[in-house]
Amino acid sequence: MRAAAAAGTDETNAVLEQIRSMPVDDFYAPGARLRADNKLVHDFYLVEVRKPSDVKTPWDYYDVVERIPAEEAYLPLSQSECPLLKTSQN
């Protein structure tokens, strides 16, 4: 809805272009983005579960050990096998 409003139209290609230019900020994937092959890429986190005695507040169950950037977590766009991407590049 935000992309259609920002594009000023409901035309599919214009809205899709707008979606790809906007970050996706939600609980699951903050700062994610939609690539040209329509894959939503985002950072991943390696976490360690805390001991029950270390949990001080509700939902305080994990310690983040490492952030894996999206660029390292996914194959590069140049290696995508998406047939729609290959069609749009021809």
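The present account deals with the structure reproduced in this document.

1. Concerning a nonpolar patch on the surface
Where nonpolar side chains cluster on the molecular surface, the patch consists of Y45, V47, V49, W59, Y61, Y62 and V64 and spans about 810 Å² of accessible area. Listed by contribution, the elements that provide at least two residues to the nonpolar patch are β3 (44-49) and β4 (62-68). With three residues, the top contributor of residues to the nonpolar patch is β3. Topologically, V64 is positioned in strand β4.

2. Focus on the side chain of D60
Topologically, D60 is positioned in the loop between β3 and β4. A polar contact of 2.4 Å, which involves the side chain of D60, links it to the side chain of R50. Not counting residues within four places of it along the chain, the set of residues in contact with D60 comprises R50, D54 and V55.

3. Looking at the environment of S21
Its place among the elements puts S21 in helix α2 (residues 12-21). Expressed as a C-alpha distance, the spacing of S21 and D10, which sit 11 residues apart in the sequence, is 16 Å.

4. Section: the side chain of H42
Tracing the chain through its elements places H42 in the loop between β2 (40-41) and β3. Within polar-contact distance, the side chain of H42 engages the side chain of Y74 at 3.3 Å. Setting aside residues no more than four positions away along its own chain, H42 makes contact with Y28, A29, A32, A70 and Y74.

5. Observations regarding the pattern of salt bridges
Counted under the stated rule, the structure contains four salt bridges. Among the salt bridges present, the one from D60 reaches R50, with a minimum N-O distance of 2.4 Å. With D60 in the loop between β3 and β4 and R50 in the loop between β3 and β4, the pair connects residues that are 10 residues apart, well separated along the chain. The exposure class assigned to R50 is partly exposed, which follows from its relative accessible area of 22%. A salt bridge links R50 to D63; its shortest N-O distance comes to 2.6 Å. One end of the pair, R50, is in the loop between β3 and β4; the other, D63, is in strand β4, and 13 residues separate them in sequence. Judged by relative accessible area, which is 32%, D63 ranks as partly exposed.

Cut-offs and rules
Residues numbered from 1 in each chain as written. Predicted model: local features only at pLDDT ≥ 70, side-chain atom pairs only at ≥ 80, totals over all residues. Heavy atoms only, no water. Patch = residues over 30% accessible without salt bridge, like charges linked within 9 Å, V, L, I, M, F, W, Y side chains within 5 Å. Areas by Shrake-Rupley, 256 points an atom, 1.4 Å probe, with all protein chains shown as cover. Salt bridge = Lys/Arg side-chain N within 4 Å of Asp/Glu carboxyl O. Helix = DSSP H or I, 4+ residues; strand = E, 2+ residues; numbered from the N terminus. Polar contact = N/O pair within 3.5 Å; in protein donor to acceptor, adjacent residues only side chain to side chain. Contact = heavy atoms within 4.5 Å. Buried < 20%, exposed > 50% of the residue type's maximum accessible area, 1.4 Å probe, protein only.

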